[in-house]
Amino acid sequence: MALPNAPAWDTAESCMWFEIAYKAHTILCWIDALCFRTSLGATSVSEGACRGALKAHWSRIKALALSHAEAGHLDFKKGILRPFVWLTDKSFA
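Computed from a prediction, not measured in an experiment: that's the story for all the values here. Residue positions are given per chain, counted from 1 along the sequence in the order it is written. Local features in a predicted model are, by the rule used here, given only for residues with pLDDT of at least 70; side-chain atom pairs are given and counted only at 80 or more, and totals for whole chains, interfaces and linings are based on all residues. Side-chain measures were taken over the full set of non-hydrogen atoms in the model, leaving aside hydrogen atoms and water.

Regarding the sheet that holds strand E4 (residues 84-87)
Reading across from one edge, E1-E2-E3-E4 is the order of the four strands in this open sheet, with mixed pairing throughout. Strand pairing shows two members of the sheet lacking a second neighbour, strand E1 (8-10) and E4, which therefore form its edges. Strand-to-strand twist of the sheet, defined as the mean angle between neighbouring strand axes without regard to direction, takes the value 30°. Strands were regarded as paired on the criterion that DSSP finds at least two bridges between them. In DSSP terms, a helix is any run of H or I states spanning at least four residues, a strand is any run of E spanning at least two, and both are numbered starting from the N terminus. In the sheet, E1 pairs with strand E2 (residues 15-22) via three bridges, with the strands oriented antiparallel. Bridging from a neighbouring strand, aspartate 10 pairs with cysteine 15 of E2. Here a residue-residue contact requires only that any non-hydrogen atoms of the pair lie within 4.5 Å. A fitted line through C-alpha atoms serves as each axis, taken over the contacting stretch for helices, and the angle formed by two N-to-C directions is quoted from 0 to 180°. Packing against the sheet, helix H3 (residues 58-70) makes contact with E2, strand E3 (25-32) and E4, and its axis sits at approximately 70° to E2.

So this is what it looks like as structure tokens:
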């Protein structure tokens, strides 16, 4: 299944923002570069390596993000208007 919107790399935070389809809308999700490297097998913390890991592990990432959304495990961050799912190393353990 294709991503609803193209993932966006946040250079300042070294993380990937992306959306998943959830019920009648989309949920914003966040994974930082270190998590991609330590939990998803990215060869480095570069944007390209993280994008490759996102693509390679999309089914697993999507399932975990949906699980967090269903459970109401949403985070908030100053400057971000929408709640989001923050996937960490602990999410993939």
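Quick look at the packing of aromatic side chains
Whether two aromatic rings pair depends on their centres lying within 6.5 Å, for rings of Phe, Tyr and Trp, where Trp uses its six-membered ring; planes under 30 degrees apart make the pair stacked, over 60 edge-to-face, and the rest tilted. This structure, assessed with the given rule, holds four aromatic pairs. Judged by centre distance (5.1 Å) and plane angle (75°), the rings of tryptophan 17 and phenylalanine 84 are edge-to-face. Placement of tryptophan 17 in strand E2 and of phenylalanine 84 in strand E4 is noted, with a sequence separation of 67 residues between them. Type-normalised accessible area, obtained with a 1.4 Å probe on protein chains alone, sets the label of each residue: buried when under 20%, exposed when over 50%, and partly exposed for intermediate values. Owing to a relative accessible area of 2%, phenylalanine 84 belongs among the buried residues under this scheme. Taken together through their ring pairs, the aromatic side chains of Trp17, Trp30, Phe84 and Trp86 make up a single cluster.

What about the nonpolar core?
To define a nonpolar core, start from buried Ala, Val, Leu, Ile, Met, Phe, Trp, Tyr and Cys residues and group those joined through side-chain atoms within 4.5 Å. One finds Phe18, Ile31, Phe36, Ile61, Leu87 and Phe92 to be the most contacted residues of the largest nonpolar core, which totals 25 residues. Counting residues per element, the ones that place at least two in this core are E2, E3, helix H1 (33-39), helix H2 (47-56), H3 and E4. When residues of this core are assigned to their parent elements, the largest contribution, five residues, is made by H3. Discounting chain neighbours no more than four positions away, the residues touching phenylalanine 36 are Met16, Ile31, Gly41, Ala42, Cys50, Ala53, Leu54 and Ile61.

A few points about the pattern of salt bridges
For this analysis, a salt bridge means a side-chain nitrogen from Lys or Arg found within 4 Å of a carboxyl oxygen belonging to Asp or Glu. Enumeration over the complete set of coordinates arrives at three salt bridges. Arginine 51 is the partner of glutamate 47 in a salt bridge, and the nearest nitrogen-oxygen pair spans 2.9 Å. With glutamate 47 and arginine 51 both in helix H2, this residue pair falls four residues apart, about one helical turn. Here glutamate 47 falls in the partly exposed class, since its relative accessible area comes to 35%.

Functional significance is not addressed by these values, which are geometric in nature.
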